Amino acid sequence: MTAADGAVRVGRLTAAELPGAAPGLGAVLADAVEDGASVGFLAPLDAVRAAAWWSGLGPDLASGALALWCAREGERIVGTVQLRCETAANGSHRGEIAKLIVHRDARGRGLARRLLGTAEEHARAAGRRLLLLDTQTGSAAERLYRSTGWTPLGTVPGYAADPSGALRPTTFFHKDLGCRKDPGPAPGDPGAARLSP
């Protein structure tokens, strides 16, 4: 773990570390669903089922298609965020922020902002200049993204069910990180000679 700040440490998780961390991540996810967060699951979601979902991310972590961070207070996991990297050749400049979750016991200390910033900085260093995400409209998460420079693209009514099963609107966001990973001119591009770095 790295990036210590007081008692909470934020660090990137490896595929080898995932099995040991899955129960703690499962507890954070189950807490979020119980609290009504729209994070892809319906209630009730017990920690065992949630941990099994996390365990299934091992191959993506190992391949590099996914980067995963967790925040620990002592040995307890209290927050997490993911960066999903596009693997298609024409999308190597972009990624998606997913599952930014902080346990109710650890909220109000800026931890979600720290986790988001950590994922953004990793994306920037990796040349991922464009990030996307979506969140339930009107949620605390939406307010966080707006306050950290994310640009709303639009809102889709009834896009996703909340944990109770009720369909809720979702707002989509993007953020340009200001770095450029130039793949060069496309083969056969007649303007290739005029392109400059």
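This text follows the structure it describes.
Residues numbered from 1 in each chain as written. Predicted model: local features only at pLDDT ≥ 70, side-chain atom pairs only at ≥ 80, totals over all residues. Heavy atoms only, no water.

Trainee: Please give an account of helix 1 (residues 18–34) that cites residues and values.
Mentor: Note on helix geometry: an α-helix contains 3.6 residues per turn, so any two residues three or four positions apart are oriented the same way. For helix 1, built from 17 residues, the straight-helix expectation of 24 Å at 1.5 Å per residue is met to within 8% by its first-to-last C-alpha distance of 23 Å. Maximal helix bending in helix 1 amounts to about 30°, located at glycine 24. Every buried residue of helix 1 is accounted for by Leu18, Ala21, Ala22, Leu25, Gly26, Val28, Leu29, Ala30, Asp31, Ala32 and Val33. Buried residues in helix 1 make contact with strand 2 (8–13), helix 2 (47–55), helix 3 (58–63), strand 3 (66–73), strand 4 (76–85) and strand 5 (94–102). (Helix = DSSP H or I, 4+ residues; strand = E, 2+ residues; numbered from the N terminus. Expected span 1.5 Å × (residues − 1). Bend = angle between axes of the 7 residues up to and from the residue. Buried < 20%, exposed > 50% of the residue type's maximum accessible area, 1.4 Å probe, protein only. Contact = heavy atoms within 4.5 Å.)

Trainee: Describe in detail the packing of helix 4 (residues 111–125) against helix 5 (residues 140–147), supporting the description with residues and values.
Mentor: Between helix 4 and helix 5, the least distance of the axes is 11 Å, while the angle of their chain directions is 55°. Here helix 4 lies oblique to helix 5, going by the angle between them. Classified by chirality, the crossing of helix 5 by helix 4 is right-handed. Judged by residue contacts, Ala112, Arg113 and Leu116 of helix 4 engage Leu144, Tyr145 and Ser147 from helix 5. (Axes fitted to C-alpha atoms, helices over the stretch in contact; angles between N-to-C directions. Parallel < 35°, antiparallel > 145°, perpendicular 65-115°, else oblique. Left-handed = near helix turned anticlockwise from the far one by under 90°.)

Trainee: Describe the environment of proline 44, naming the residues involved and giving the relevant values.
Mentor: Tracing the chain through its elements places proline 44 in the loop between helix 1 and helix 2. For proline 44, a relative accessible area of 69% corresponds to the exposed category. Separated by 10 residues in the primary sequence, proline 44 and glutamate 34 place their C-alpha atoms 7.0 Å from one another.

Trainee: Kindly report on the environment of alanine 30, identifying the contributing residues and their values.
Mentor: With respect to the element layout, alanine 30 can be found in helix 1. On the accessibility criterion, alanine 30 (11% relative accessible area) is buried. Residues alanine 30 and aspartate 46, 16 residues apart in the sequence, show an inter-C-alpha distance of 5.8 Å.

Trainee: Report on helix 2, specifying residues and quantitative values.
Mentor: Those residues of helix 2 not exposed but buried are Ala50, Ala51 and Trp54. Angularly, the buried residues of helix 2 cover 100° about the axis, an arc narrow enough to put them on a single face. Summarising the contacts, the buried residues of helix 2 are in contact with helix 1, helix 3, strand 3, strand 4 and strand 5. Where helix 2 begins, one side-chain oxygen reaches toward the backbone nitrogen of valine 48, 3.0 Å away; that side chain belongs to aspartate 46. (Arc of directions from axis to C-beta. Polar contact = N/O pair within 3.5 Å; in protein donor to acceptor, adjacent residues only side chain to side chain.)

Trainee: How would you explain unusual backbone geometry if you had to name every residue and give the values?
Mentor: Cis geometry marks the peptide bond from alanine 43 to proline 44; its omega dihedral reads 0°. A positive phi is found at lysine 99, a non-glycine position, where the angle reads about 50°. For lysine 99, the position within the fold is in strand 5.

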